[in-house]
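Listed below are the residues making up each chain.
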Amino acid sequence: MRVPLPDLAATDAFGARIAMRLRAGDVVALSGGLGAGKTTLARAIIAALGHRGEVPSPSFAIIETYDPPQVRLPLVHADFYRLERPEEAAELGLDHYRDGAALLAEWPEHAGGFAQEPGCLSIAIETAEMGRIAIVEPGSDWLGRLP
């Protein structure tokens, strides 16, 4: 599935559709080059889940968490760009953070990837002539609830 993201309003709307369907245990795996819009989409999802205020990029902290009532469901926002090997995700305690939470994963390939999980919604963001485009690959748990 291809979703055009010509501007910030379209990105916010797409993020809101994802947030409406997001469940604990799901992974939204965001890939694309530097500046592609991964963090922008993650921020749109977090805002649509109910968070008010600033959403820091987890580039330096690697993992940021959000808990109810701040958001509709427990959420982990991770940026794996700085990981040098996938095992580092486990060393950070990622499984502990994920327990009962949804995960927004930027640079998922640096953590070994999540596409093999049925609850993974893989989104590759690419630059296109008319802005950006999201190429969406759903895991089996997302069939019937695509954004």
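Right above here is the structure, for reference.
Numbering of residues begins from 1 in every chain and follows the order in which that chain's sequence is written. The model is predicted, so local features are restricted to residues of pLDDT at least 70 and side-chain atom pairs to those at 80 or more, both for listing and for counting; the totals for chains, interfaces and linings are taken over all residues. Calculation of side-chain values draws on the structure's entire complement of heavy atoms; hydrogens and water are dropped beforehand.

Peer 1: What is the right way to look at helix α1 (residues 8-21) in this model?
Peer 2: In an α-helix there are 3.6 residues to a turn, and that puts residues three or four apart on one side. Strands are runs of DSSP state E lasting at least 2 residues, helices are runs of H or I lasting at least 4, and numbering of each runs from the N terminus. Here a helix's expected span is defined as the number of its residues, less one, multiplied by 1.5 Å. For α1, with 14 residues, the first-to-last C-alpha span of 20 Å sits near the 20 Å given by 1.5 Å per residue. Buried residues are those whose accessible area, probed at 1.4 Å on protein chains only, stays under 20% of the maximum for their type, while exposed residues exceed 50% and partly exposed ones sit between those limits. What α1 keeps buried is the set A10, T11, F14, G15, I18 and A19. Residue contacts follow a heavy-atom distance rule, with two residues in contact if any of their heavy atoms lie within 4.5 Å. Against the buried residues of α1 lie β1 (2-5), β2 (27-31), α2 (38-48), β6 (120-128) and β7 (131-138). Whenever two N or O atoms come within 3.5 Å, that pair is a polar contact, provided that in protein one can donate a hydrogen and the other can accept it, and provided that, for residues adjacent in sequence, both atoms are side-chain atoms. A side-chain oxygen of the first residue of α1 lies 3.3 Å from the backbone nitrogen of A9; this N-cap is D7.

Peer 1: What is the right way to look at the sheet that holds strand β3 (residues 63-66) in this model?
Peer 2: Sheet strands pair by backbone hydrogen bonding; their relative direction is either parallel or antiparallel. Any two strands are treated as partners once DSSP identifies two or more bridges connecting them. Pairing within the open sheet is mixed, and its seven strands lie in the order β1-β7-β6-β2-β5-β4-β3. Two strands lie at the open edges of the sheet, namely β1 and β3, each paired on one side alone. Across the sheet, the mean angle from the axis of one strand to that of its neighbour is 20°, orientation sign disregarded. Sheet topology places β1 next to β7; four bridges connect them, and they run antiparallel. In the sheet register, V3 faces β7, and the bridge partner there is A134. Simply put, an axis is a line fit to the C-alpha atoms, just over the touching stretch for a helix, and the angle between two N-to-C directions goes from 0 to 180 degrees. The sheet contacts of α1 involve β1, β2, β6 and β7, and relative to β1 the element is tilted by about 140°. Along the sheet, α2 contacts β2, β3, β4 (75-79), β5 (102-106) and β6; its crossing angle with β5, the most-contacted strand, is approximately 160°.

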